[in-house]
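Topology and contacts: notes
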Amino acid sequence: HSRTEQRRVLDVGCGTGRFLNDWQTAASAEHWVGVDLFPNAITLARDRCQASLTAASAAALPFSAGSFAAIHCADVLQHMSLADCEKALDEFARVLAPDGTLALRVRGAPSLRRGDDRDFSHSFTPASLRAALGARHFEILFLSRVNALPSLAAEILERSPHVHAAAAPVRHIVVRPERDMRSRLLGAYLALERQWMSIAPFGLPCGHTIICVARRN
């Protein structure tokens, strides 16, 4: 591949640039690129990170084939229409160079009930994500559900008639201060889960989030 292909990386759904800024701190690349559907987010991202930023859909990336060595996309696909989600996966395969790396974070299907998949609100199972990427000639390097115990607790609370989600600005999402004891306990648990994931030979069996790393063949 050309030097540009080897050192050019893309954050799809970069938002205001928080992850892209962290990525730049932790890794090196010749050319950093970010896209987001919302122009206002791109404007804010320009104040946060040094990168080429463009307003564009993941389903229609404005780049040539094989032009990136790595793509990161977190919490985007589940908010697209089902058809555009398929197009986005096609685009990832198209713009990644051979042997390029794809890192995804997507919503995992519920463990205790059937998911209600529809446009702009759908989820994946490990098997469905593996199949979707395999059909596009990706080799899975890592794939697992995460956030296991908090996800199970959330599903159990959803089944309770006394769930407190009605008071939340966004359904089933309650924002608490960072110093709140529940926030601190959650942070400690997630740190332990990350440690487990780094050494475990297998993924977690439940969790509302799936993370995946795959290589383009």
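Our subject is the structure that appears above.
Now for a look at the structure at hand.

Calculation notes
- Residues numbered from 1 in each chain as written.
- Predicted model: local features only at pLDDT ≥ 70, side-chain atom pairs only at ≥ 80, totals over all residues.
- Heavy atoms only, no water.
- Phe/Tyr/Trp six-rings, centres within 6.5 Å; stacked < 30°, edge-to-face > 60°.
- Buried < 20%, exposed > 50% of the residue type's maximum accessible area, 1.4 Å probe, protein only.
- Helix = DSSP H or I, 4+ residues; strand = E, 2+ residues; numbered from the N terminus.
- Contact = heavy atoms within 4.5 Å.
- Pairing = 2+ DSSP bridges.
- Axes fitted to C-alpha atoms, helices over the stretch in contact; angles between N-to-C directions.
- Salt bridge = Lys/Arg side-chain N within 4 Å of Asp/Glu carboxyl O.
- Disulfide = S-S within 2.5 Å.
- Core = buried A, V, L, I, M, F, W, Y, C linked by side-chain atoms within 4.5 Å.
- Right-handed = clockwise from strand over helix to strand, strands pointing away.
- Arc of directions from axis to C-beta.

Turning to the packing of aromatic side chains, a few remarks are in order. A complete count under the given rule lists three aromatic pairs for this structure. Taking the centre distance of 5.5 Å and the plane angle of 75° together, the rings of Trp23 and Trp32 count as edge-to-face. Across this residue pair, the class does not change: Trp23 and Trp32 are buried. Of the aromatic side chains, those joined through ring pairs into one cluster are Phe19, Trp23 and Trp32.

Okay, the side chain of Ser144 next. Among the structural elements, Ser144 can be located in strand β6 (residues 138-146). On the basis of relative accessibility, which here comes to 2%, the residue Ser144 falls in the buried class. Setting aside its immediate chain neighbours within four residues, Ser144 contacts Met197, Gly203, Leu204, Thr209, Ile210 and Ile211.

Overall, mixed pairing links the seven strands, which are arranged β3-β2-β1-β4-β5-β7-β6 in an open sheet. Here the strands that pair on one side only, and so sit at the sheet edges, are β3 (52-55) and β6. Across the sheet, the mean angle separating the axes of adjacent strands is 15° when strand polarity is ignored. Across five bridges, strand β1 (residues 8-12) lies against strand β2 (residues 31-36) in parallel orientation. Bridge assignment links Asp11 to a residue of β2, and that residue is Gly34.

This brings us to the pattern of salt bridges. A side chain with one charge may pair with a side chain of the opposite charge, provided their charged atoms come close. Applying the stated criterion to the full structure yields six salt bridges. Connected through shared salt-bridge partners, Glu86, Asp90 and Arg136 make up one network.

Once that is clear, we can look at the state of the cysteines. Per the stated rule, a full pass over the model turns up zero disulfides. You can see Cys49 has no disulfide; the closest cysteine sulfur is in Cys14, sitting 6.8 Å from it. Residue class for Cys49 comes out buried when judged on its relative accessible area of 4%.

Core analysis: the biggest nonpolar cluster contains 34 residues, and Leu77, Phe92 and Leu104 have the highest contact counts within it. Secondary structure elements with two or more residues in this core: β1, β2, β4 (68-74), α4 (82-95), β5 (96-107), α5 (126-134), β6 and β7 (209-216). With six residues, the single largest contributor to this core is α4. Dropping the residues within four chain positions of it, Phe92 is found in contact with Val12, Leu61, Ile71, Cys73, Leu77, Leu102, Leu104 and Phe138. Grouped together as the second largest cluster of nonpolar side chains are eleven residues, Val9, Trp32, Ala45 and Ala70 included.

Here we take up the pairing of β4. Counting buried positions along β4 gives seven out of seven residues, so the element sits mostly inside the fold. As defined by bridge partners, β1 adjoins β4 across four bridges and the pair is classed as parallel. Looking at β4, one finds that Asp11 is bridged to His72. Crossover connection from β4 via α4 to parallel β5: handedness right-handed.

Positive phi is not limited to glycine here, since Asp99 has a value of about 70°. Along the chain, Asp99 falls in strand β5. Classification of Asp99 by relative accessible area gives exposed; the value is 53%. For Phe120, which is not glycine, the phi dihedral falls at a positive 70°.

With that out of the way, let us pick up helix α6 (residues 148-158). Within α6, the full set of buried residues consists of Ala148, Ser151 and Glu155. The buried side chains of α6 occupy one side of the element, clustering within an arc of 70° when seen end-on. Away from the buried face of α6 by more than 90 degrees, exposed residues Leu149, Ile156 and Leu157 are located. Looking at the buried positions of α6, the neighbouring elements they touch are β6 and α7 (181-199).

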